[in-house]
Amino acid sequence: MNTFDFFVGTWTSKQRRLREVLTGGDDWYEFAGMTRCWSVLDGKGNFDEVTFPELGYGGVTLRLYDEARDEWSLYWAGRTGLSLPPVVGRFGADGRGVFTADELYEGRPITVRFLWSEITETSCRWEQAFSTDQGATWEANWIADFTRTS
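Predicted model only: the values in this text are computed from it and were never measured.

Colleague: Residue-level account of the environment of Ala93, with values.
Modeller: By the secondary structure assignment, Ala93 is in the loop between β6 (81–91) and β7 (97–105). By relative accessible area, which is 92% here, Ala93 ends up exposed. Distance in space between the C-alpha atoms of Ala93 and Val112 is 22 Å, their sequence separation being 19 residues.

Colleague: Summarise the packing of aromatic side chains; cite the residues concerned and give the values.
Modeller: Under the counting rule described, the total for this entry stands at 24 aromatic pairs. Here Trp11 and Phe146 contribute two aromatic rings whose centre-to-centre distance is 6.2 Å and whose plane-to-plane angle is 85 degrees, an arrangement assigned as edge-to-face. Linking Trp11 in strand β1 (residues 9–18) with Phe146 in strand β10 (residues 139–148), this pair joins segments that are 135 residues apart in sequence. Given the relative accessible area of 2%, Trp11 is considered buried. Site record: aromatic cluster; members linked through ring pairs are Phe4, Phe6, Phe7, Trp11, Tyr65, Trp72, Phe91, Phe99, Trp116 and Phe146.

Colleague: So what about unusual backbone geometry? Which residues, and what values?
Modeller: A cis amide bond links Leu84 with the next residue in sequence, Pro85, at an omega value of 0 degrees. In this model, Asp42 sits at a positive phi of 55 degrees, which is unusual for a non-glycine residue. Phi is positive for Glu106, which is not a glycine, with a value near 50 degrees. Counting through the fold element by element, Glu106 comes out in the loop between β7 and β8 (108–117).

Colleague: Before we move on, could you go through the environment of Val60 and cite the residues and values that matter?
Modeller: For Val60, the position within the fold is in strand β4 (residues 57–66). You can call Val60 partly exposed: its relative accessible area is 24%. Excluding residues that lie within four positions of it along the chain, Val60 makes contacts with Phe47, Asp48, Glu49, Tyr75, Trp76 and Ala77.

Colleague: Please give an account of the pairing of β1 that cites residues and values.
Modeller: Bridge count for β1 against strand β2 (residues 28–40) is 10 bridges, and the pairing is antiparallel. Counted as the bridge partner of Gln15 is Phe31 from β2. Here β1 pairs with β10 via 7 bridges, running antiparallel. Following the sheet pairing, Ser13 is matched in β10 by Phe146.

Colleague: Before we move on, could you go through the pattern of salt bridges and cite the residues and values that matter?
Modeller: By the definition in use, this model includes 12 salt bridges. Here Glu30 ties to Lys14 by a salt bridge, and the two come within 3.7 Å at their closest N and O atoms. In this pair, Glu30 sits in strand β2 while Lys14 sits in strand β1, placing the two residues 16 residues apart along the sequence. Judged by relative accessible area, which is 48%, Glu30 ranks as partly exposed. Taking the relative accessible area as the measure of exposure, Lys14 reaches 43% and is therefore partly exposed. Residue Arg19 is joined to Asp27 by a salt bridge in which the shortest nitrogen-to-oxygen separation is 3.3 Å. Take Asp27: its relative accessible area is 44%, and that puts it in the partly exposed class. Here the salt bridges share partners, and the residues they tie into one network are Arg69, Asp70, Glu71 and Arg90.

Each value, and the rule that gives it
- Residues numbered from 1 in each chain as written.
- Predicted model: local features only at pLDDT ≥ 70, side-chain atom pairs only at ≥ 80, totals over all residues.
- Heavy atoms only, no water.
- Helix = DSSP H or I, 4+ residues; strand = E, 2+ residues; numbered from the N terminus.
- Buried < 20%, exposed > 50% of the residue type's maximum accessible area, 1.4 Å probe, protein only.
- Phe/Tyr/Trp six-rings, centres within 6.5 Å; stacked < 30°, edge-to-face > 60°.
- Contact = heavy atoms within 4.5 Å.
- Pairing = 2+ DSSP bridges.
- Salt bridge = Lys/Arg side-chain N within 4 Å of Asp/Glu carboxyl O.

Limitation: the analysis is restricted to geometry and does not speak to function.
This is the structure:
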């Protein structure tokens, strides 16, 4: 599998976010999400819009597939604007998608990783994690468990 076709449709989600990132803490908060995703460019891209009703905001993701490089670029935009650079990667033989980028977080250089896993017809998981040591260790800070509604 090297496609995001599995995510096309509408979803509810249980979102968990770490309250304090890169501090060694383990205090999470939870909230609901609603996502609508559709395919573009004959499956070489897709777009989703997520809303978090309890928090009063949301965001969008644009995913674009580069066939020559066999990789996806994922662009996120939310209340603080467009997050650049995109995370880039692919799905492996195990069906998991791993996408990374080097960024700054509060002035600190980090590697950010998006991980798509546990993909079925009716559910999937997305996780964001940060690394301050070029990927030797990771701290998950946002996890979303999705359930398909249509």
